[in-house]
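Listed here are the chains, written in short residue letters.
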Amino acid sequence: MASETPSSGTWFGSAEKVGRLRGRIFKWTCLGATVLTLALMLVFLLYVANDAFRPFSADPGWLATMGLTVVVPIALLAGYYYRRDRSAGQVAYTALGLPVLVALASGGLWLLFRHIVSPREWFVLVVSIVVAGGLVVGHSRVRHDAVTERLVVTVLVPLLVVVGIPTVLPGLGQFLYLLPVLPNALFSLILGFVLPVAAIVGWRVRAVRDADRDGAIAAGITVAGGLAGLGLGPLVGIHPTSWFVFAAPIVGALVVYVEHVVRNDKGLSGLAFPVVVVAGVFAGLAVTQLLGFAGPDAWLNMDFLTSAHDTDPSEAGIYPTLVGSVLILLVIVLSAFPVGIGAAIYLEEYATSQGRFGTVMELIQVNIANLAGVPSIVYGVLGLAIFINLIGMGRGTAVVAGFTVGLLILPIVIISTQEAIRAVPDSHRQASYAMGATKWQTVRNVVLPESLAGIFTGTILALGRAIGETAPLLMIGIPATVRIAPDSFLSRTGAMPRQIFSWSTQITTEFRYGVLAAGVVTLLVVLLTMNAAAIVLRNRSQQTQ
Amino acid sequence: MNGESALTRGATDRDVKERLVGVLLFACAALTIFVTASILFTLAYDTVTFFGFDETSVVGFLTELEWEPRNGFYGVWPLVSSTLIVTVVSALVAIPIGTAAAVYLSEYASPKMRSVIKPALEILAGIPTVVYGYLALVYLTPWLRSIGLPLGSFNLLSASIMVGILIVPMVSSLSEDAMSAVPDSLRQAGYGLGATKYEVSTRIVIPAAVSGVFSSYILALSRAIGETMIVVMAGGLQTNLFDPLDPFGSLAGSGRTMTAAMVNAVTSDATGGSPEYYSMFAIGLSLFAITFLMNLASNRIAARYREVYQ
């Protein structure tokens, strides 16, 4: 091609020195543009963090103490990992990040226990589910061959036991309420939450180590971590029920992770990192308390997280909208995720590409790609028109918000799940078919377990997108400010991003540079923790493949 | 029942179950078509309601140059012009930076550098738009004013810059995918002819990936058109028609984009049955049509591109 043009003589490599300089300039321009954007955002985020925490309002002694007890040990340890043991560095940030992530999830759960399901209702629900599960498993043992019958039982029995038939037959839960003795909140949570979490941890450890004793030990540690709240909780001023909700999952997750690290015997010294960080923080707090150094007068503090919006900026908080956001996320997880994963399974495993049906599938595929690009505000209008105007659900409720934002992230869930499923090698499917498995058995036993990490990553990222969506919430009438937390999925609810938007319309500096920054940091901490976890998870699973 | 062997009975039962699962999963997939259909239907239905009012007409909507619902003016052009300003300025920010980042990541970056920059860009893409809007309103606008630009406290310039930063990760990651997909043999051929890395990047990789790069631009622009929170928070709600004689004036002042007008229609005092309330459906339909066509075009271009190298 080049030989046809007269300029072929000057095509490549004519003026070498100029060329090299130009190349270098080009490279650095490209890098510079990238770094400039990232640096600009970093500066923005530092400003926000500074406004939210105001570290320089603290006593210099406080900063110095904290620096000595927290920052210096972290830096030393990080330096050690960097120079001596790289894999320990990976272990270190996972061991620190995992409890943070689990604590966030537990925080959401805690809010649910406080406002939506009381511990006693939860206990009754757990008992119903266990009974239903027992019935289904028992039936499948007895009548193993009757597939259709089993299918009916699998669908109907849990429905009957947990929900019952409205107005005709109450579910098992209603009968349980009639019992003369029901455990109080404390024991409800021990039986209905701490023990199940411990059982899951123990079962998992037992499965990977193939030893009953180790599983029992793991479960025992988890139970002990949870029950420690009975004694320690009152000492540190935490209600035992709160302790259960946070401690059991955190201890459980740590047990599973420590077991994993010990089994692989790689980077063991990384496990010291979270210990050093936590010990440093406590030591710093104790010393500053002792010497009387005042901490920073931060906007983002416990009061902010636990109080409602107020016209007085120093009183304003984010609590009710935090509850609202958790409810909305729960609706999304229960509605959009199953549908999205189901659609992805269909498109990857069931759909044919031939004939007229193939054209329909292609249409669906193109349509999903396009839906992913529809502006979020249009989904808001859709939610308003369908769920509120047409079906008549309440304006600004968690259900409507969850469904609307759920539709918005549906294409993202489908696309990322499809990618995860596509990564499963075809040979594994063929092996399953060769063993006589049906399509659904192959999907359930081979494809889904293998693509689980990928699906999980995609759904976490989609959930992160969902937390921050604001425009649809405006359209479906999520109120600008709420003073009390919602008590059900059907009551009007606030949401974090909506609250941030309404704070941004306040013009006083305290709101602009204080409350608003604190709200933004809260939102970002939740979101970035989730996204970072998803990205780390994905990179790990790519490494192992 | 007694005559059949247990094996065949199990098999037919299993068929029923398989078919049931298949139907259920198909319903999930078909729901996405239903979503598109209901977007189209609900928007179109209420758009018809909107044009049924006395003070509104299709011709007026498309030709009048004023958007003042209070006084009965419903010309869409001021909204479109503000949206276009945001789109163009954000493209001026995002396209050079995004393309440069893509070239760097695909051609120059060491694996270590990639492992830092790519997640960072990804995290950038995960920050919610309400946060970008806040950054534009509370930090960027005062900064731009402190360097001497005569900006209002709500202005389209800082909103557009923020929208630009928002879509940089989109441009860079999609363009990088396109550039990484260029077969290595083309690069080797370039080096074989004595080309430098710069020449290979600019004259071989970028031209070879141009349709993928171009499709990423379209997708990013469509995202900029539909962006809501940043323009509502930092761009304000005043309706202003773009003035060709004073282009900077339009940038420095407030402007109500199409998306901002929709937000205003539903959050302002406009009551449920008023033309202003229904106007959001007409604007929404226009917005949906524009972005849908752009996404379709982007997909088409990317699909054509894929055929070339496989």
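Here the structure is a predicted model, which means the values were calculated and not measured. What you see as residue numbers is a count from 1 along each chain, following the sequence as written. Each chain gets a letter, beginning with A, and each ligand a number, beginning with 1, in the order they are written. Where totals are concerned, whole chains, interfaces and linings use all residues; where local detail is concerned, this predicted model gives features only for residues with pLDDT of at least 70, and gives and counts side-chain atom pairs only at 80 or more.

Caption draft 1: View of the overall build of chain A. A count of helices and strands for chain A gives 20 helices and 2 strands. Projected onto the principal axes, the alpha-carbon positions of chain A cover approximately 90 × 75 × 55 Å. Expressed as a percentage of its 545 residues, the buried residues of chain A come to 39%. In this description, a residue-residue contact is defined by the distance between C-beta atoms placed from the backbone, which must lie within 7 Å. Pairs at least 24 apart in sequence give 75% of the contacts found in chain A among residues at least 6 apart. Going along the chain from the N terminus, every DSSP run of H or I of four or more residues is numbered as a helix, and every run of E of two or more is numbered as a strand. Comment: burial labels come from other C-beta atoms within 10 Å of the residue's own C-beta, placed from the backbone, where a count of 20 or more is buried, 12 or fewer is exposed, and between is partly exposed.

Caption draft 2: Here's a closer look at the overall build of chain B. Secondary structure assignment for chain B yields 13 helices and 2 strands. Against the 2.2 N^0.38 benchmark of 19 Å for 310 residues, chain B shows a C-alpha radius of gyration of 25 Å, more extended than a compact globule. For chain B, the spread of C-alpha atoms along the three principal axes comes to 80 × 70 × 35 Å. When each of the 310 residues of chain B is scored for burial, the buried share is 50%. For chain B, long-range pairs separated by at least 24 residues make up 73% of all intrachain contacts whose partners lie at least 6 apart in sequence. What the globule rule says is 2.2 Å times the number of residues to the power 0.38, and the radius of gyration is computed from C-alpha atoms.

Caption draft 3: Seen up close, the UniProt feature "domain: ABC transmembrane type-1" (unreviewed entry) in chain A. Using the residue numbers shown here, the UniProt feature "domain: ABC transmembrane type-1" (unreviewed entry) corresponds to residues 322-534 of chain A. Annotated as 77% helix and 0% strand, the span residues 322-534 of chain A places its first and last C-alpha atoms 22 Å apart. UniProt positions are given in the numbering used here, feature names are shortened, and annotations may be inferred rather than shown by experiment.

Caption draft 4: Seen up close, the confidence of the model for chain A. When pLDDT is averaged along chain A, the result is 86; 96% of the residues meet or exceed 70. Confidence, expressed as mean pLDDT per element, reaches its minimum in chain A at strand β2 (residues 169-170) of chain A with 71 and its maximum at helix α15 (residues 398-422) of chain A with 93. Note: pLDDT gives the predictor's confidence per residue, expressed from 0 to 100.

Caption draft 5: Structural view of unusual backbone geometry. All names here are of chain A. For R54, which is not glycine, the phi torsion reads 45 degrees and is therefore positive. Mapped onto the fold, R54 is located in the loop between α1 (16-53) and α2 (60-84). With phi around 60 degrees, D210 is a residue other than glycine that occupies positive phi space. By secondary structure assignment, the location of D210 is in the loop between α7 (185-209) and α8 (212-236).

Caption draft 6: Representation of the interface of chain A and chain B in the model. Taken residue by residue, the interface counts 74 residues in chain A and 77 residues in chain B. Each residue gets one of three labels, nonpolar for Ala, Val, Leu, Ile, Met, Phe, Trp, Tyr, Cys and Pro, charged for Asp, Glu, Lys and Arg, and polar for the others, Gly among them. Looking at the side of chain A that touches chain B, its residues break down into 50 nonpolar, 18 polar and 6 charged.

Caption draft 7: View of the domain arrangement of chain B. Residues and elements named next belong to chain B. Where each domain starts and ends follows an automatic or database-derived domain assignment. Per the domain assignment, the segments of chain B are domain 1 (6-51) and domain 2 (59-309). One C-alpha centre belongs to domain 1, the other to domain 2, and the line joining them spans 34 Å. Every contact between the two is made by 7 residues of domain 1 and, on the other side, 8 residues of domain 2. Taken together, the residues that form the side of domain 1 that touches domain 2 break down as 4 nonpolar, 2 polar and 1 charged.

Caption draft 8: Representation of the nonpolar core within the structure. The term nonpolar core refers to a set of buried Ala, Val, Leu, Ile, Met, Phe, Trp, Tyr and Cys residues connected through C-beta atoms within 7 Å. Counting 188 residues, the largest nonpolar core has V381, I409 and V520 of chain A together with Y134, A136, M162 and I230 of chain B as the members making the most contacts within it. Ranked by the residues each element gives to this core, the list is headed by helix α12 (residues 319-350) of chain A, at 18 residues. Those residues in contact with I409 of chain A that sit more than four places away from it in its chain are I332, A336, A462, R465 and A466 of chain A. With 26 residues, the next largest nonpolar core counts W122, F193, W243 and V251 of chain A among its residues.

Caption draft 9: View of the packing of helix α14 (residues 376-390) of chain A against α15 of chain A. All names here are of chain A. Axis definition: a line fitted to C-alpha atoms, over the contacting stretch in the case of helices. Angles run 0 to 180 degrees between N-to-C directions. Between α14 and α15, the shortest axis-to-axis distance is 9 Å and the interhelical angle comes to 135 degrees. Taken as axis vectors, α14 and α15 run oblique relative to one another. For the crossing formed where α14 meets α15, the hand is right-handed. Residues S376, Y379, G380, L382, G383, F387 and I388 of α14 touch α15, and the partners they reach there are V400, F403, T404, L407 and L408. When its residues are assigned to classes, the contact of α14 with α15 shows 8 nonpolar, 4 polar and no charged. Here the angle decides the label: under 35 degrees means roughly parallel, over 145 means roughly antiparallel, 65 to 115 means roughly perpendicular, and every other value means oblique. Each crossing gets its handedness from the near helix: less than a right angle anticlockwise from the far helix is left-handed, clockwise is right-handed.

Caption draft 10: Focus on helix α10 (residues 272-291) of chain A. Residue and element names in this part refer to chain A. By this rule the span expected of a helix is its residue count minus one, scaled by 1.5 Å. Taking 1.5 Å per residue as the helical rise, α10 with its 20 residues ought to reach 28 Å, and the 28 Å between its terminal C-alpha atoms agrees with that figure. Considered for burial, the residues of α10 that qualify are F273, P274, G284 and T288. Down the axis of α10, the smallest arc covering the buried residues is 110 degrees, so these residues share one side. Along α10, the residues that are exposed and aim more than 90 degrees away from the buried face are V275, F282, A286, Q289 and L290. Where α10 is buried, its residues contact α2 and α3 (86-115). One or two positions beyond α10, positive phi appears at G292, with a value near 75 degrees. Each direction from the helix axis to a C-beta atom contributes to the arc, which is the arc of those directions.

Caption draft 11: Structural context of the UniProt feature "transmembrane region" (unreviewed entry) in chain B. Residue and element names in this part refer to chain B. UniProt annotation of "transmembrane region" (unreviewed entry) refers to residues 20-45, 76-104, 116-140, 152-171, 204-225 and 277-297 when read in the numbering used here. Structurally, residues 204-225 comprises 95% helix and 0% strand, and the distance from its first C-alpha atom to its last is 32 Å. Note that residues 277-297 is 100% helix and 0% strand, and that its end C-alpha atoms are spaced 31 Å apart.

Caption draft 12: Spatial organisation of the domain arrangement of chain A. Residues and elements named next belong to chain A. Splitting chain A by domain gives domain 1 (69-296) and domain 2 (324-489). Computed from C-alpha coordinates alone, the two centres of domain 1 and domain 2 are separated by 27 Å. In this complex, domain 1 contributes 5 residues to the contact, which on the side of domain 2 involves 5 residues. The residue inventory of the side of domain 1 that touches domain 2, partitioned by class, reads 3 nonpolar, 2 polar and no charged.

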